[in-house]
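The lines below spell out each chain.
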Amino acid sequence: MHQKTVLIVEDCANLVFTLESFLKSIGYKTMPVYDGSSGLQKAQLKEVSLILLDIGLPDISGLEVLEKVRNFTDKPVIVISADFSLKNKVSAFTGRANIFHEKPIDFELLKAQVDSLMHNTQITKKLILQNNIEIDSRTNTVSKSGKVIKFTSKESALFNLLVKNNKNIVSRKTAINVIDPFGRINNENSIDVTICRIRKKLHISPKNDIIKTISGKGYCLESKIIKK
């Protein structure tokens, strides 16, 4: 299987080494550069599938790199920074970053984010789960027994996260960061409430519940997935 390449634009050599080791361990190739100018050049290469971009670079700001990158490509970009002020987050998303990841790196979260952006998940165009639950990624809809479920954006993001990580535990922290990149949710109980709403909308009975609560850890979707 062809391995996709992550361009790492980061000036800290120790962090670059750690990121390279981590990304290779989860199945990706890496291409490290240590300044913004080199990052701009390498971002144009066809083999680069995703860009991991630090804001604090020695020559030009990562936000300026992002702005210039968006002039020639829509490749997914994860901005990373130790300065996670609201101003920086807003600037990153205004510049069309896909994700803002706060330093120090949370590697469990980073894996979920990279896999999601690379589409390296179990989700294909259409899937059928237990309980007659069908997911159509082409129209971004979920239905049960042929009836479309009206999820809110947060419910949809959380349910898709669980499906992509089928049979793996998703921590509450990971769930919060994925569905709320602006950091407006500061209460982990809100995830529990959202899970309850998903169960209710899917009409999942306790006996046939495919969304398992893992005490002290988070949630796990345990469902056989049939690809169509």
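Quick caveat: nothing in here was measured; it's all calculated off a predicted structure. (Residues numbered from 1 in each chain as written. Predicted model: local features only at pLDDT ≥ 70, side-chain atom pairs only at ≥ 80, totals over all residues. Heavy atoms only, no water.)

Observations concerning the overall build of the protein
Rules: Each helix corresponds to a stretch of at least 4 residues labelled H or I by DSSP, and each strand to a stretch of at least 2 residues labelled E; elements are numbered beginning at the N terminus. Whether a residue is buried, partly exposed or exposed follows from its accessible area with a 1.4 Å probe, protein chains only, as a fraction of its type maximum: under 20%, in between, or over 50%, in that order. Contacts were defined at the residue level, with two residues in contact if any of their heavy atoms lie within 4.5 Å. Only the protein chains shown count as cover for residues, and the accessible areas themselves come from Shrake-Rupley with a 1.4 Å probe.
Across its full length, the protein holds 8 helices and 13 strands. Here the protein, with 228 residues, has 48% of them falling under the buried criterion. Here the analysis covers contacts within the protein between residues at least 6 apart in sequence; of these, 60% occur between residues at least 24 apart. Accessible area for the protein stands at about 12100 Å²; split by element, carbon and sulfur atoms hold 51% of it.

Topic: the packing of aromatic side chains
What counts here: For Phe, Tyr and Trp, rings pair up if their centres lie within 6.5 Å, where Trp contributes its six-membered ring, and each pair is then called stacked (planes under 30 degrees apart), edge-to-face (over 60) or tilted (otherwise).
Evaluation of the coordinates by the stated rule reveals 2 aromatic pairs. Ring centres 5.7 Å apart and planes at 45° place the aromatic pair Phe151 and Phe159 in the tilted group. Assigned by exposure class, Phe151 and Phe159 land together as buried.

A few points about the pattern of salt bridges
Stated formally: When a carboxyl oxygen of Asp or Glu lies within 4 Å of a side-chain nitrogen of Lys or Arg, that pair is called a salt bridge.
The full count for this structure, using the stated rule, is 10 salt bridges. For Asp54, the salt bridge is made with Lys103, and the minimal N-O distance between the two is 3.3 Å. Of this pair, Asp54 sits in strand β3 (residues 48–54) while Lys103 sits in the loop between β5 (99–102) and α5 (107–118), placing them 49 residues apart in sequence. What makes Asp54 buried here is its relative accessible area of 4%.

Describing the nonpolar core
The test is simple: Residues enter a nonpolar core if they are buried and are Ala, Val, Leu, Ile, Met, Phe, Trp, Tyr or Cys, with the set joined through side-chain atoms within 4.5 Å.
Grouped together as the largest cluster of nonpolar side chains are 26 residues, with contacts concentrated most on Leu129, Ile133, Val142, Phe159, Val163, Leu202 and Ile211. Elements supplying a minimum of two residues to this core: β6 (126–129), β7 (133–136), α6 (153–164), α7 (172–179), α8 (189–201) and β12 (218–221). If sequence neighbours within four positions are ignored, Ile211 has contacts with Leu162, Ile195, Ile198, Arg199, Tyr219, Cys220 and Leu221. Counting 21 residues, the second largest nonpolar core, distinct from the first, contains Leu7, Val33, Ile51 and Ala92.

Looking at the sheet that holds strand β2 (residues 29–33)
The criterion, for reference: One requirement defines pairing of two strands: DSSP has to find at least two bridges between them. Helix axes use the C-alpha atoms of the stretch in contact, all axes being lines fitted to C-alpha atoms, and the angles between their N-to-C directions lie in the range 0 to 180 degrees.
Pairing within the open sheet is parallel, and its 5 strands lie in the order β2-β1-β3-β4-β5. The open sheet is flanked by β2 and β5, the only strands paired with a single partner. Taking the axes of each pair of neighbouring strands and ignoring which way they run, one obtains an average angle of 20° across the sheet. One ladder, built from 4 bridges, connects β3 with strand β4 (residues 77–81); its direction is parallel. Its bridge partner lying in β4, Leu53 is registered against Val79. Set on the sheet, helix α4 (residues 86–94) makes contact with β4 and β5; between it and β5 the angle comes to about 150°.

So, the sheet that holds β12
Strands sit in the order β10-β12-β11 across an open sheet of 3 strands; the sheet is antiparallel. Unpaired on one side and paired on the other, β10 (170–171) and β11 (211–214) mark the two borders of the sheet. By the bridge criterion, 2 bridges tie β10 to β12 in an arrangement that is antiparallel. Within β12, the residue paired with Ser171 across the bridge is Gly218. The sheet contacts of α6 involve β10, β11 and β12, and relative to β12 the element is tilted by about 65°. Seen against the sheet, α8 touches β11 and β12 and runs at an angle of roughly 155° to β11.

Topic: helix α1 (residues 13–25)
Rule in force here: In a helix, the anticipated span is given by 1.5 Å times the number of residues less one.
With 13 residues, α1 extends 18 Å from end C-alpha to end C-alpha; this agrees with the ideal 18 Å at 1.5 Å per step. For α1, every residue scored as buried is listed here: Leu15, Val16, Leu19, Glu20, Phe22 and Leu23. Its buried side turned inward, α1 meets β1 (5–9), β2, β3, β4 and α5. Immediately beyond the C-terminal end of α1, within one or two residues, lies Gly27, with a positive phi of roughly 100°.

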